[in-house]
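Structure assessment
The chain contents come next:
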2 protein chains.
Amino acid sequence: MSREEEIKEFILHGYKYYIPHVSIDCAIFGYHERQLKVLLIKHKLLNDWCLPGGYIKRTENLVEAANRNVKERTGIDGLFLQQFKTFGDPNRLKPDEFDVEKWFEATGVRITRDCWLLDQTISVGFYAITDFSSSIPQPDIFADACAWFDIHELPPLDFDHDEMVKEALHTMRVQLYHYPIGYNMLPEKFTLAEIHSLYETLLGKKLDISNFPKKLIALGLLKKTDEKRSIGAHRSPHLYTFDKASYDEALREGLVLS
Amino acid sequence: MSREEEIKEFILHGYKYYIPHVSIDCAIFGYHERQLKVLLIKHKLLNDWCLPGGYIKRTENLVEAANRNVKERTGIDGLFLQQFKTFGDPNRLKPDEFDVEKWFEATGVRITRDCWLLDQTISVGFYAITDFSSSIPQPDIFADACAWFDIHELPPLDFDHDEMVKEALHTMRVQLYHYPIGYNMLPEKFTLAEIHSLYETLLGKKLDISNFPKKLIALGLLKKTDEKRSIGAHRSPHLYTFDKASYDEALREGLVLS
């Protein structure tokens with residue numbers, strides 16, 4: 001199928017392959033050197049930016065749908081994905097505002113009011129965190145652009161996506177106390193100062209220096225290596241690494257850090 | 001409309017009033033004197049018990065749908081409802097197992113394979129906690145029974161509702177550290193031992209006696225009254241009450257108890 005045929009088939013008969021009325025949206029947070037960003041896309045048919053998302057194939061579960069989406073937008077497979085909330089306000093999407101002419105120009109398909117894409121949709125929100133420097137943002141077939149935006153300088157977002165980002169951030173911050181986070185955002189070996197910076201940036205606040213890293217060590221998630229890094233005169237902090245088995249168990253079982 | 005006509009209209013044309021493919025399910029936990037129960041219904045068309053739930057009206061948001069459901073099943077309006085997870089495994093419901101003859105006997109309506117009720121459905125899970133002694137369980141139009149079951153003695157549940165109860169309990173226990181819980185499960189004035197019992201029962205484990213109640217006091221959620229209760233020779237503990245304004249703010253904003 002050509003790209004045009006693919007788009008036409010999706011618009012006219014997508015309900016055969018995807019579950020109508022339900023979408024997923026992904027708040028993908030990107031961390032790198034004390035910066036926290038979120039990935040946004042610019043949909044051809046909308047004026048503002050929005051979170052990447054899409055429909056759920058009839059053969060996949062929700063996490064598989066989210067993972068497919070995250071992989072398509074970032075090139076990264078298998079990120080830890082966490083559901084944070086499902087959004088279902090009857091006014092969250094306003095299909096009446098879709099401009100049929102603009103839709104036709106963008107896709108070559110003339111839609112009618114009973115198109116499955118224009119009915120009420122409930123969306124399941126997932127968040128993920130990654131190192132944004134290791135990603136290659138890639139727009140979907142309905143988008144012109146896909147890019148990282150600093151969490152403190154977001155443009156206005158379409159639909160209820162402002163609320164989604166806020167809720168995703170809130171849940172991520174609460175869950176920092178319950179799940180280990182960091183495996184894919186730090187080099188394989190890192191200093192306690194580096195993981196401390198990561199937690200401060202994700203939480204958006206200063207932390208007592210003795211706080212998280214020591215708890216991660218006490219819980220067996222961090223292992224001290226024999227290596228040190230030289231960062232200046234008389235300063236050569238030890239390097240640490242994650243204990244992958246303990247880390248994976250904590251992801252499955254949860255833990256209380258605080 | 002008679003009850004029969006109402007059932008027929010729902011089965012044949014319910015998709016006009018409700019969003020297809022999406023349901024809500026409610027894990028309503030009931031506390032009373034150190035017992036923790038969950039409300040279950042016995043659907044006419046299913047062999048096992050399941051959580052109460054239903055579809056979302058096209059005019060209501062998810063919390064309104066959950067609240068309507070909880071109110072219909074328990075008689076209690078306005079319980080604090082918390083989304084815990086959305087379930088979308090493609091095998092979570094097995095409509096093929098529905099027995100069309102049994103369905104006809106129970107409802108008087110002969111359904112066909114393309115009935116909107118038989119297509120894939122994703123379900124948004126909510127939990128609530130209440131004092132079960134103040135509820136009046138009431139089956140819905142498709143159920144024969146509605147009753148409280150001790151959390152430690154649950155029957156086998158239909159669909160993926162075993163997993164739902166497990167996830168609801170897990171989320172409720174994690175959220176005990178982040179939201180105040182107790183307002184509708186204790187008498188207006190209570191002893192610290194009573195609220196301590198409530199937390200122990202909800203968490204399913206023993207707590208250090210100095211733990212939660214003192215934190216609730218420190219956070220301004222509990223106020224000491226001038227009254228005492230006489231519970232034996234030389235024992236007359238002070239009675240406490242919730243500070244409703246602080247409590248409501250903590251519900252909105254969240255807090256960290258631990």
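Counting starts from 1 at the beginning of each chain's written sequence and moves along it residue by residue. Naming scheme: in the order in which they are written, chains are lettered from A and ligands are numbered from 1. Predicted model: local features are reported for residues with pLDDT of at least 70 only, side-chain atom pairs are reported and counted for 80 or more only, and whole-chain, interface and lining totals are derived from all residues. Side-chain descriptors were evaluated using all non-hydrogen atoms of the structure, hydrogens and water having been removed beforehand.

**Overview of the relation of the copies chain A and chain B**
For the pair of chain copies, the relating operation is a rotation around an axis with a shift along it. The transformation that overlays chain A on chain B combines an axial shift of 0.0 Å with a rotation of 180°, and the residual RMSD is 0.0 Å. Here the transformation between the copies is reduced to the relation of a two-fold axis. When checking whether two residues touch, look at their non-hydrogen atoms; a contact exists if any pair is within 4.5 Å. Both copies contact each other with a shared surface, as 100% of the interface residues of chain A are interface residues in chain B too. For this overlay, a least-squares fit was computed on C-alpha atoms, restricted to residues scoring pLDDT of at least 70 in both copies.

**Digging into the pattern of salt bridges**
Each reported salt bridge corresponds to a side-chain nitrogen of Lys or Arg within 4 Å of a carboxyl oxygen of Asp or Glu. Counted under the stated rule, the structure contains 25 salt bridges over all chains. Here A:E200 and A:R34 are joined by a salt bridge, their closest N and O atoms 3.5 Å apart. Separated by 166 residues along the polypeptide, A:E200 in helix α5 (residues 192–203) and A:R34 in the loop between β1 (18–32) and β2 (35–43) bring together distant segments of the chain. With a relative accessible area of 7%, A:E200 lands in the buried category. Where B:R92 meets B:D25, a salt bridge forms, and the shortest distance between an N and an O atom there is 3.9 Å. With B:R92 in the loop between β5 (82–87) and α3 (100–107) and B:D25 in strand β1 (residues 18–32), this pair connects stretches of sequence that are 67 residues apart. Residue B:R92 shares its accessibility class with B:D25, and that shared class is buried. Through salt bridges with shared partners, a single ionic network connects A:R34, A:E200 and A:K206. Counting from the N terminus, the helices are the DSSP runs of H or I reaching at least four residues and the strands are the DSSP runs of E reaching at least two. Only protein chains enter the accessibility calculation, which uses a 1.4 Å probe; a residue whose area is less than 20% of its type maximum is buried, one above 50% is exposed, and one in between is partly exposed.

**Comments concerning the interface of chain A and chain B**
If you look at the interface, chain A gives 28 residues, while chain B gives 28 residues. The term buried area refers to how much accessible surface (probe radius 1.4 Å) is lost by two components on association, counted for both of them together. Both faces considered, chain A and chain B share a buried interface measuring about 2,200 Å² in area, 58% of it formed by carbon and sulfur atoms. At the junction of chain A with chain B, the criterion picks out two salt bridges. A salt bridge links A:D119 to B:R58, with the shortest nitrogen-to-oxygen separation between them at 2.9 Å. Pairing of N or O atoms within 3.5 Å defines a polar contact, subject to two protein rules: one partner must be a possible hydrogen donor and the other a possible acceptor, and residues neighboring in sequence count only if both atoms are side-chain atoms. For the interface between chain A and chain B, the tally reads seven residue pairs in polar contact (both at pLDDT 80 or more).

**Some thoughts on the packing of aromatic side chains**
Whether two aromatic rings pair depends on their centres lying within 6.5 Å, for rings of Phe, Tyr and Trp, where Trp uses its six-membered ring; planes under 30 degrees apart make the pair stacked, over 60 edge-to-face, and the rest tilted. Scanning all chains against the criterion turns up 22 aromatic pairs over all chains. When the ring of B:F10 is compared with that of B:W116, the centres are 5.5 Å apart and the planes differ by 70°; the resulting orientation is edge-to-face. Taken as a pair, B:F10 in helix α1 (residues 3–13) and B:W116 in the loop between α3 and β6 (122–131) lie far apart in primary sequence, 106 residues in all. Note on B:W116: relative accessible area 9%, which makes it buried. Members of the aromatic cluster, connected to one another through ring pairs, are A:F10, A:Y18, A:Y55, A:W116 and A:F142. We count a charge as sitting over a ring when the NZ of a lysine or the CZ of an arginine lies within 6 Å of the ring centre and within 35 degrees of the ring normal. One residue, A:K37, lies across the ring of A:F132, its end atom 4.8 Å from the ring centre. Lying over the aromatic face of A:F104, A:R110 brings its terminal NZ or CZ to 4.1 Å of the ring centre.

**Notes on the environment of B:G182**
Residues and elements named next belong to chain B. Tracing the chain through its elements places G182 in the loop between α4 (161–175) and α5 (192–203). With 36 residues separating them along the chain, G182 and A218 place their C-alpha atoms 16 Å apart. Beyond its immediate sequence surroundings of up to four residues, G182 is in contact with L198, F242 and Y247.

**Quick look at α5(B)**
All names here are of chain B. A helix is expected to span 1.5 Å for every residue after the first. Here α5 is twelve residues long and its end C-alpha atoms lie 16 Å apart, about the 16 Å a rise of 1.5 Å per residue gives. A large share of α5 lies buried, amounting to nine of its twelve residues. Those residues of α5 that fall on the buried side of the exposure criterion are I195, H196, S197, L198, Y199, E200, T201, L202 and L203. G204 occupies a position one or two residues after α5 and carries a positive phi of about 70°.

**Digging into the side chain of B:R92**
Residues and elements named next belong to chain B. Residue classification places R92 among the buried residues on the basis of a relative accessible area of 6%. A polar side-chain atom of R92 sits 2.7 Å from a polar atom in the side chain of D160. Apart from residues no more than four positions distant in its own chain, R92 is found in contact with D25, F87, T121, I122, S123, F159, D160, H161 and M164.

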